[in-house]
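The primary structure of each chain is shown beneath.
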Number of protein chains: 4
Amino acid sequence: MTLPTPLTGVVPPVCTPLTPDREVDVPSLVRLVDHLLSAGVDALFVLGSSSEAAYLTDGRRRLVVETVVSHVSGRVPVLAGAIDMTTPRVLDHVAYAAAAGADAVVVTAPFYTRTHPAEVARHYRLVAERSPVPVFAYDIPVAVHTKLSPELVLELAGEGTLAGLKDSSGDLAAFRTVVTGARTRPGIRGFSVLTGSELVVDSALALGADGAVPGLANVDPEGYVRLDRLCRAGDWAAARAEQERLCALFGMTGAGDPARMGGSSSGLGAFKAALFLRGVIACPATAEPQVALSEAETEQVGKYLAAAGLL
Amino acid sequence: MTLPTPLTGVVPPVCTPLTPDREVDVPSLVRLVDHLLSAGVDALFVLGSSSEAAYLTDGRRRLVVETVVSHVSGRVPVLAGAIDMTTPRVLDHVAYAAAAGADAVVVTAPFYTRTHPAEVARHYRLVAERSPVPVFAYDIPVAVHTKLSPELVLELAGEGTLAGLKDSSGDLAAFRTVVTGARTRPGIRGFSVLTGSELVVDSALALGADGAVPGLANVDPEGYVRLDRLCRAGDWAAARAEQERLCALFGMTGAGDPARMGGSSSGLGAFKAALFLRGVIACPATAEPQVALSEAETEQVGKYLAAAGLL
Amino acid sequence: MTLPTPLTGVVPPVCTPLTPDREVDVPSLVRLVDHLLSAGVDALFVLGSSSEAAYLTDGRRRLVVETVVSHVSGRVPVLAGAIDMTTPRVLDHVAYAAAAGADAVVVTAPFYTRTHPAEVARHYRLVAERSPVPVFAYDIPVAVHTKLSPELVLELAGEGTLAGLKDSSGDLAAFRTVVTGARTRPGIRGFSVLTGSELVVDSALALGADGAVPGLANVDPEGYVRLDRLCRAGDWAAARAEQERLCALFGMTGAGDPARMGGSSSGLGAFKAALFLRGVIACPATAEPQVALSEAETEQVGKYLAAAGLL
Amino acid sequence: MTLPTPLTGVVPPVCTPLTPDREVDVPSLVRLVDHLLSAGVDALFVLGSSSEAAYLTDGRRRLVVETVVSHVSGRVPVLAGAIDMTTPRVLDHVAYAAAAGADAVVVTAPFYTRTHPAEVARHYRLVAERSPVPVFAYDIPVAVHTKLSPELVLELAGEGTLAGLKDSSGDLAAFRTVVTGARTRPGIRGFSVLTGSELVVDSALALGADGAVPGLANVDPEGYVRLDRLCRAGDWAAARAEQERLCALFGMTGAGDPARMGGSSSGLGAFKAALFLRGVIACPATAEPQVALSEAETEQVGKYLAAAGLL
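Residues numbered from 1 in each chain as written. Chains lettered and ligands numbered in written order. Predicted model: local features only at pLDDT ≥ 70, side-chain atom pairs only at ≥ 80, totals over all residues. Heavy atoms only, no water.

- An unreviewed UniProt entry lists chain A under the name Dihydrodipicolinate synthase family protein, from Streptomyces gibsoniae.
- Listed in UniProt under the heading Sequence similarities (unreviewed entry), the comment for chain A reads: "Belongs to the DapA family." (UniProt positions renumbered as here; feature names shortened; annotations may be inferred.)

Structure representation (C-alpha cells):
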C-alpha cells in the first residue's frame, strides 16, 4: 500500500511469538496481528526492539516480515526495523524487508562502533539512497548510545532522506523540537513524527506528534486506539484518564526480579506473558539469553491484566 | 590445527582490506596475512573490531574467514570474531566460522539490548554449548557498554565455558585479576589471557598475560614480535624502549580531524593508509559510513611511518 | 511565610547577577527579583543550577539567599538549593539557608562519590531529620549522574522525608509516575511535584504537575505565568501556542559556539545576556571558569529577544 | 618544606579517622600519620577521595590539613586535595590548605556542571594563577565524569600551570602518554606523574611513573614502600610478587554487600575496619550517608589482614 504522509495514529511494535524451542511461532504471530488489526490500529511495526529483533537470526527476521506483510495484505502499512550495526549490514536487512513488501524501514544510528555525527548523517544518506522504500530514523539511545539531535533529524527530513522518526529517547523536549520543526520549516512535508514513549502518548499527541509506537499496545491495543481517538478529539481529560489506566497496566513490566534478570527480560517477558494469558499467543517464551519469568512473576502479570479488566 | 592451551604471543587482529567499492579485496588480504606471518606472529584474529567486523555483511565476513583460514593452512591458529547482538545471532556467525576452519571464536557480551550479568553468563554458556570450537570472551565495553567482571570470566573459565579472554577494556587492574586467577584458581587450566591494549603490551606481559592482540601489529608486526620476545626474555628495559617506539607510531591513529570523523574512521583509516603506503594492500578504503582520511591526513600517517623507519 | 502544600505555579530558578569581578551584584539581584515578582510568579528558587550555585563560594551563596529572602519579605515562598556532595556538607548549606529564612531547601542525590540507592535514601533521611525547614528532592542526573527512581521519591514522600520534587531529569514518564503516585498513594499529602523542563511545562501541567521551575522564566517570567494560567484554565491550545513561543525563545541558549564553550556557558550566558539587554541586570558576566559569549553571540541573543517582542 | 621536583615514591592518600559521632578523630589521625611515616613513605596526600574529602565539611577539612601538616612538621611533603565543583569554590579550599602549610594542592576538573575542555583548561590556569602553592591535577573520571586528556595535561605542564598529575583514571595507556611526554617534551621539567591505581603500581613504575598514591597503603604502607624500592632496584620479579600480595589484600574492599551499600562504603569501610583491627585508629566509622560494614563483613576484613600476615 502507499504509505500515508505523514503516517499517523497507533503503530504497535509487534512482539515476535516464539515456540518453546525459540523458532518463530507463525500461527501465534498471525493471531497477534489479527488481535491488533481488529482493535483498529493504524499500522504495524515489525522487527523493532519490542519484537526482539536483536535476538532474531536473519532467517527468523525474514520470516517475521514475510508473514506479517502477507497476512496484513495491504490493510494497513507495515514498517520493518532494519536493525544492525552499520550501513552495509543494515542494507542487507533493508533488502529482504523491502522484497517482502514492507512499506518503510526503520533504522537506528550505527552502534557497536565509535561513531560521529558526520558518520550518522552519512549512514542515513547512504541507506536512503539505496533503499527501495522510505526510511524512518529510530532514535533509541538506550540501545545505540547515540542521541539523534533534532537538528540532524530536521536536516535529513528537509532533504528527503528521512520519511519519519520513531523516537524512543524519552526526551520529550527534543521530540517537540522535531515536531514543531517538521510543521514549520520550509521544505519539510509529510514527515511523520512518532513517539515510542508509551507512558506519555497523550503528551506527545498534545504537542503535535503524528502518532505513537507503544510496546504495551501489544497487550491492550484497544486502549491505545481509544487514547489516540480521544486526543484527536481534543478530549484531554478523558485521554489523560485512559493514559493513566495504561500507565498502571504498564506496571507489569516490573514483574521480573531485577536481581535475576535485566529490563528486557522483564519487560518483554511481561508483554508475552500477558499475550499468553489473554490467549493470543501459544507460548510466552522470550529469546535467548533472556531469562524467563517465574510462575509467581507470571501470576503478577495476570493481576495487572485483571486489574485492567483484560482477563 | 590444535589450539595451544594457553594460546600465547602476538595475535594481530587482521584488518580487512576493501576494494574502492567496498568488497573484500582478497589478494590484499592474502598479502596482509603473509606480511604478518613472515614477521613471526603466533596466531591471527579475524573479524574483530580492527577488522571492521561491525561493517562487514555476513557474506563478506564469511569470505574473510574462509580466505584467511585457507591461506594460513594450519601454520598458525586462526581465531574468528562472531560479533553480534545476542546468542542466536552469534551462533549463526559461529557456524560459518567453524565450518571455514577457524580454531576458536571470539564473542562479546550481548549489546543493543539492555542486559544483565545473569544474561551475560547465560549467553556465554549457550554459545559454548553449541559451538564446535572453543570460545574466547571479548571484553570491549567501549563497544558493548558492558564490562565483563573478572569474577565472571574466572567462573566461566573454571567451568570450561571459556578458553580465553581478549581484553580490550583498558582496565589493567581488572585484567590482572583474571591473569592471576587463571594461574592460581583450582580447576582452571590452559586459559589464555590476551590484552588488546597495544600501548601497554609490555605491562600486560610483565604481569603474566599470555599474549597480545594489538591492532597496530597490522602496520608493524615485527615490532610487536620483537616486543613479545624481549618480554619473554625478561629484558624489560629493551622491551620498554620497543613499546615506546610503538606508542609513538600509534600516534598515527590521531591523524583524522575529530571535527570531521570519529575515532574508528581515524584509527582504522590510519592503519589502512599505513598498509597502503607500505605497499601491503591495494586500497586504503574503510567501510561505510566511515569517513575517509584526506590527502593531508594520509601524508601525516606517512610521516609516522617514516619516523619509525617503516617507509 | 508558610509554604503552601503543595507549592504550585511558576517558581523561577533565579539567576545570580555578578559584577565584572565576579562578586554578587546585589542591586541587580534585587532588580531581578522585582522583575520576577512583578510578573506574578508564585515562588522563587535561589541557589539552584541556573543560579550558578556550583560556581558560588559559600560566602556568595549566603549573600544571595539573605538578599533574596530579605527583599521578598514574605511575599512569596523562597526555596534555596543546598547543593553539595554529601550529607554533612549539604547540612552546612541548609543551616545558613534556613537561618536566612528560606522556606525550604532543595537537595540533590550525593555526587562525586560512588553512591548507592540505599545511601541516597539515607542521605535524604538524614538531611530531613536535621533540617529546620522542609526538604525538596532535586532530581538532576545530568549533574549528579544518579537518577532518583519514582519509587524512592514516593517512599520518601510517604514517610514525610520529602515535601516535594524538583525534576530536571527530562524523563517525563518517570515524572508522571511521581505525579500520579503523589495523588493516589495513601499517606502522601501536600507533596509538590515541579518540573524543571522548561520546554514541556504545558505537558507537565497537563498530566497533573503542581508547577514548574523554568530557567527561561528569568528572561520571560510573564510568558511562563501566562502559560501556567492557561494550563490551569484548561485552554490547552493557547497554552501550547505560548509554550511554543517560549521554546523558540529558548533557542538563545544555543548562541555560544560549542567548539569554544560548554552548555552551561552558553545557556546561562544567554540568560544573563538577555537580562542585561533587557536592562534588568548590570553585567552579563558568568562565573569562572565559564567562557563568555562573544559580541556576535550576544547580538544573536538580542535577536531572539526581538523576535519574541522582548526588546 | 620544598616540594621535590618531581615528587617521587609512595604518597598514601591518608584516611580520615572519625569519632562515632563523625567528628575528625585527631588522635587517631596523628597515629595514622605516624603509622605511615614510620613505614618510610615519601609524602602524604590528605583530603583526597580516600580521605572522604567529599564527606567532610569545610571545618573538618581544615582541621585535617592543619593537624597533618603540623604533626608531620616538614619531615615529608604534604599534598592537600581542594575538591570542589568549580574555580571559585576550589580557591577557597586552596586558601586554607596553603595557609595551613600544605606543600601543594590537588585539583580535579570541574564537576556537577556541564563542562568543556576549554573550561577545564581555564579552570586549571585560574587556580594556578591564584594558588600560593603548586597545583597537581587529579584525574578521576569516576568522580567528575570528565577524563583529562594527556594532551591537555602535557600542555598545562609545559606552560607551568601544573606541577604534577595524580591519575586515578585507570587508563594506563593514557597515563603512559603523560609519563613519556613529561620526559621528552621540551619545556617540561620536574613534572611529577603519580598513579592512583594501587593494583598496578609495579606496571606504572616500570613504564616510568614517578610514584604512587595507593589507598591501600593506609593499611599496609610497608608493602607499598617495599614495592616501590623493588621497582627502583629493577627487581621486577620480586616487585610483581609483592604487588600480587597487595592485590590479594585489596580483596578486602569487596567485603561490603553490594545489595546494601555502594563501592565507597565498602572500600573505605574496609580500609577503616582494617586500621581499626590493626589498632591504628579508634573507631572504624565512615562518614554519612555511607553504610557501615556489618560485624560479619568486618570479620572478613580481618581474614584478609590475617592472610597477609598483618594481624
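### Observations concerning the overall build of chain A
Consideration 1: Of regular secondary structure, chain A possesses twelve helices and eight strands.
Consideration 2: Rg of the C-alpha trace for chain A: 18 Å, near the compact-globule value of 19 Å for 311 residues, within the 12% margin.
Consideration 3: Projecting the C-alpha coordinates of chain A onto the three principal axes gives extents of approximately 50 × 45 × 40 Å.
Consideration 4: Counting across all 311 residues of chain A, residues that qualify as buried make up 65%.
Consideration 5: At a minimum sequence separation of 6, the contacts of chain A that also span at least 24 residues come to 73%.
Consideration 6: Within the structure as shown, chain A displays about 9800 Å² of accessible surface, and the carbon and sulfur contribution to it stands at 54%.
Consideration 7: For chain A, the distance from the average position of its 26 positive side-chain charges to the average position of its 33 negative side-chain charges is 3 Å. (Helix = DSSP H or I, 4+ residues; strand = E, 2+ residues; numbered from the N terminus. Rg over C-alpha atoms; globule rule 2.2 N^0.38 Å. Buried < 20%, exposed > 50% of the residue type's maximum accessible area, 1.4 Å probe, protein only. Contact = heavy atoms within 4.5 Å. Areas by Shrake-Rupley, 256 points an atom, 1.4 Å probe, with all protein chains shown as cover. Lys, Arg positive; Asp, Glu negative; His and termini not counted. Charge placed at Lys NZ, Arg CZ, Asp CG, Glu CD.)

### Observations concerning the relation of the copies chain A and chain B
Consideration 1: For the pair chain A and chain B, the relating rotation is 180 degrees, the translation along its axis is 0.0 Å, and the fit reaches an RMSD of 0.0 Å. Put plainly, the chains are arranged around a two-fold axis.
Consideration 2: A high fraction, 100%, of the interface residues of chain A reappear at the interface in chain B, so the copies pair face to face through one surface. (Least-squares fit on C-alpha atoms with pLDDT ≥ 70 in both.)

### Some remarks on the packing of aromatic side chains
The geometry of an aromatic ring pair comes down to the distance between the two centres and the angle between the two planes.
Consideration 1: Under the counting rule described, the total for this entry stands at ten aromatic pairs over all chains.
Consideration 2: Centroid distance Tyr112(A) to Phe111(B): 5.0 Å. Interplanar angle 45 degrees. Geometry classified as tilted. Residue Tyr112(A) is found in the loop between β4 (104-108) and α4 (117-130), and its partner Phe111(B) is found in the loop between β4 (104-108) and α4 (117-130); the two belong to separate chains.
Consideration 3: Overall, Phe111(B) belongs to the buried group, its relative accessible area being 2%.
Consideration 4: For the ring pair Phe45(B) and Tyr138(B), a centre distance of 5.8 Å and an interplane angle of 75 degrees mean the geometry is edge-to-face. In this pair, Phe45(B) is assigned in strand β2 (residues 44-46) and Tyr138(B) in strand β5 (residues 135-139), connecting sequence segments 93 residues apart.
Consideration 5: Taking the relative accessible area as the measure of exposure, Phe45(B) reaches 2% and is therefore buried.
Consideration 6: Taking relative accessible area as the criterion, Tyr138(B) reaches 2% and is therefore assigned buried.
Consideration 7: The structure contains a cluster of three or more aromatic residues connected by ring pairs, namely Phe111(A), Tyr112(A), Phe111(B) and Tyr112(B). (Phe/Tyr/Trp six-rings, centres within 6.5 Å; stacked < 30°, edge-to-face > 60°.)

### What about the packing of helix α2 (residues 58-72) of chain B against helix α3 (residues 87-100) of chain B?
All names here are of chain B.
Consideration 1: For the pair α2 and α3, interaxial distance at closest approach is 9 Å and the crossing angle is 25 degrees. The angle between α2 and α3 places the two elements in the roughly parallel class. Here the hand of the crossing between α2 and α3 comes out right-handed. Note on element contacts: α3 touches α2 through His-93, Tyr-96, Ala-97 and Ala-100, opposite Asp-58, Arg-61, Arg-62, Val-65, Glu-66 and Val-69.
Consideration 2: Taken together, the residues of the contact of α2 with α3 sort by class into five nonpolar, one polar and four charged. (Axes fitted to C-alpha atoms, helices over the stretch in contact; angles between N-to-C directions. Parallel < 35°, antiparallel > 145°, perpendicular 65-115°, else oblique. Left-handed = near helix turned anticlockwise from the far one by under 90°. Nonpolar A, V, L, I, M, F, W, Y, C, P; charged D, E, K, R; others polar.)

### Quick notes on the pattern of salt bridges
Consideration 1: Within this structure, the stated rule accounts for 82 salt bridges over all chains.
Consideration 2: Between Asp139(A) and Lys147(A) there is a salt bridge; the shortest N-O distance is 2.5 Å.
Consideration 3: In this structure, the salt-bridge partner of Glu159(C) is Arg125(C), at a minimum N-O distance of 2.6 Å. Remark: Arg125(C) occurs in helix α4 (residues 117-130) and Glu159(C) occurs in the loop between α6 (150-158) and β6 (164-167); sequence separation between them is 34 residues.
Consideration 4: When salt bridges with common partners are traced through the structure, they connect Asp58(A), Asp84(A), Arg89(A), Asp58(B), Asp84(B) and Arg89(B) into a single cluster. (Salt bridge = Lys/Arg side-chain N within 4 Å of Asp/Glu carboxyl O.)

### What to know about the interface of chain A and chain B
Consideration 1: With 50 residues of chain A in contact, the opposing surface of chain B contributes 50 residues.
Consideration 2: Both sides of the chain A and chain B interface together cover about 3900 Å² of buried area, and 55% of this is carbon and sulfur.
Consideration 3: Contact with chain B buries surface across chain A, with Arg89(A), Tyr112(A) and Pro289(A) losing the most and accounting together for 20% of the total.
Consideration 4: On inspection of chain A and its partner chain B, the count reaches seven salt bridges.
Consideration 5: Note that Asp58(B) is salt-bridged to Arg89(A), the shortest N-O span being 2.7 Å.
Consideration 6: Run the count over chain A and chain B and you get 22 residue pairs in polar contact (both at pLDDT 80 or more).
Consideration 7: If you list the elements that add at least two residues to the side of chain A that touches chain B, you get α2 (58-72), α3 (87-100), α4, α5 (141-144) and α11 (263-277) of chain A.
Consideration 8: Here the side of chain A that touches chain B gets six residues from one element, more than from any other, and that element is α4(A).
Consideration 9: Residue composition of the side of chain A that touches chain B, grouped by class: 22 nonpolar, 16 polar and twelve charged. (Buried area = accessible area lost by both parts, 1.4 Å probe. Polar contact = N/O pair within 3.5 Å; in protein donor to acceptor, adjacent residues only side chain to side chain.)

### Considerations on the environment of Ala274(C)
Residue and element names in this part refer to chain C.
Consideration 1: Among the secondary structure elements, Ala-274 is positioned in helix α11 (residues 263-277).
Consideration 2: For Ala-274, a relative accessible area of 0% puts it in the buried group.
Consideration 3: With sequence-adjacent residues up to four places away left out, Ala-274 is seen in contact with Val-219, Met-252, Val-301 and Leu-305.

### Focus on the side chain of Asp84(B)
Residues and elements named next belong to chain B.
Consideration 1: Position of Asp-84 among the secondary structure elements: in the loop between β3 (78-81) and α3.
Consideration 2: On the basis of relative accessible area, Asp-84 is assigned to the buried category, the value being 1%.
Consideration 3: Engagement of the side chain of Asp-84 in a polar contact is seen with the side chain of His-93, the distance being 2.7 Å.

### Regarding the sheet that holds strand β7 (residues 192-195) of chain B
Residues and elements named next belong to chain B.
Consideration 1: With parallel pairing, eight strands are arranged side by side in an open sheet as β1-β8-β7-β6-β5-β4-β3-β2. Edge positions in the sheet fall to β1 (9-10) and β2, since each has one partner strand and no second.
Consideration 2: Examined bridge by bridge, β1 and strand β8 (residues 211-212) share two bridges and lie parallel to one another. Within β8, the position partnered with Val-10 by the bridge is Ala-212. (Pairing = 2+ DSSP bridges.)

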